[in-house]
Amino acid sequence: MSADLEQIKVIGVLGAGQMGAGIAQVAATVGYQVLLADISLERSEQGKAGVEKQLTRSVVKERITEAQKTEILGRLTPVGGMEALSGADFVVEAATENEELKLKLFAQLDEYCAPHAILATNTSSIPITRIAAATTRPHKVIGMHFMNPVPVMKLVEVIKGLATDEETYELTEALAAKMGKTTVLARDMPGFIVNRILMPMINEAVTALYEGIGSREDIDAGMKLGTNQPMGPLTLADFIGLDTCLAIMEVLHEGMGDSKYRPCPLLKQYVDAGWMGRKSGRGFYEY
Ligand code: CAA
């Protein structure tokens, strides 16, 4: 790989939720200065507090020392608003999975960030080409899709938009490798690789529940023990967030125009009820 990672000194992360905080944690752990931005400083600070909690667990498990924890946290600076990302060489956007919002954020990032900065999105399903078109630097926009929980999961899915140039791609690959991740390259088509396959499976598990094929426990145990998955599909849906699962199914349904991607009515109903999974205290299970 010929990409010169030396040109990347500061990583900006936009969105300090579970994904953004995880990305910030990994970037700071491998030595980058990280600016963690959200709509308010308070939210960014909450993201950093979450990272601190994870690092404390690592200290307890004797994976890192207290001094290393302090160093990592010292490289992670919470900031309010995205203007502060002007100092970043590489930005990963990890805001809510909403197309309108992402298009707006990318137009703003384009305005605030230095001309050399690469703008990556952690979108799980929105077309990179469309997000790139909201900027004046579509050749420097790329998909960098991390998996949840970011510090644990080995994969980063890399997605080139139609205009993404080779240098941007090579730098993204090199950065992912430095972050300890293995990459796969996906075409910019709905759901890319992982969600194109994962979400229809989850949606089918919800349909099996809807049709009374099995109880939630039996559907999960069937898939967990029968196909060696770490979590059953309904547990995994609760972990990902049912609103996110529904949003991805809708992108697949619309983008492919094929009824086989129709979101299960039960999934829609749970989201209507506010049962979003683990984060709301209730999904297919109670937490
Ligand atoms: N953040 C950081 N670390 C975490 C974590 C979190 N949220 N949750 C668990 N871990 C760590 C634990 O500390 C533990 O670390 P050690 O082994 O070093 O002690 C390790 O992960 C295993 O955790 P547990 O023993 O508590 O539990 P587990 O063995 O059941 O593993 C799991 C938990 C890693 C989440 C596992 O159940 C798993 O791999 N589940 C599937 C996750 C998955 O499929 N993710 C992808 C979702 S799809 C996606 O993200 C893309 C999208 O666009 C929707």
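For the structure itself, look to the data block above.
Residues numbered from 1 in each chain as written. Predicted model: local features only at pLDDT ≥ 70, side-chain atom pairs only at ≥ 80, totals over all residues. Heavy atoms only, no water.

A word on helix H4 (residues 99–112). The end-to-end C-alpha distance of H4, which contains 14 residues, comes to 20 Å, matching closely the 20 Å that a straight helix rising 1.5 Å per residue would cover. The set of residues buried in H4 consists of Lys102, Leu105, Phe106, Leu109 and Asp110. Along the axis of H4, the buried residues cluster in a sector spanning 140°; they form a single face. Seen from the open side of H4, the exposed residues pointing more than 90 degrees away from its buried face are Glu100, Lys104 and Glu111. (Helix = DSSP H or I, 4+ residues; strand = E, 2+ residues; numbered from the N terminus. Expected span 1.5 Å × (residues − 1). Buried < 20%, exposed > 50% of the residue type's maximum accessible area, 1.4 Å probe, protein only. Arc of directions from axis to C-beta.)

Moving on to a positive patch on the surface. There is a patch of like positive charges on the surface, built from Lys53, Arg57, Lys61 and Arg63. Assignment of secondary structure puts arginine 63 in the loop between helix H2 (41–60) and helix H3 (66–74). (Patch = residues over 30% accessible without salt bridge, like charges linked within 9 Å, V, L, I, M, F, W, Y side chains within 5 Å. Areas by Shrake-Rupley, 256 points an atom, 1.4 Å probe, with all protein chains shown as cover. Salt bridge = Lys/Arg side-chain N within 4 Å of Asp/Glu carboxyl O. Lys, Arg positive; Asp, Glu negative; His and termini not counted. Charge placed at Lys NZ, Arg CZ, Asp CG, Glu CD.)

Moving on, we come to H3. When we look at burial in H3, the residues that qualify are Lys69, Ile72 and Leu73. The buried residues of H3 occupy an angular sector of 95° when the element is viewed end-on, so they sit on one face. Across from the buried face of H3, at angles greater than 90 degrees, the exposed residues are Thr70 and Gly74. Buried positions along H3 lie against helix H1 (18–29), H2 and strand E3 (76–80). (Contact = heavy atoms within 4.5 Å.)

In this section: the site of the ligand. Within the structure, the ligand sits among 18 residues, and Arg57, Lys61, Arg63, His145 and Asn148 are positioned closest to it. Contact between the ligand and arginine 57: an oxygen atom at 2.8 Å from a side-chain N or O atom of the residue. Measuring from an oxygen atom of the ligand, one finds a side-chain N or O atom of lysine 61 at 2.7 Å. Protein contact buries 65% of the 1000 Å² of open area that the ligand shows by itself. (Near = heavy atom within 4 Å. Polar contact = N/O pair within 3.5 Å; in protein donor to acceptor, adjacent residues only side chain to side chain.)

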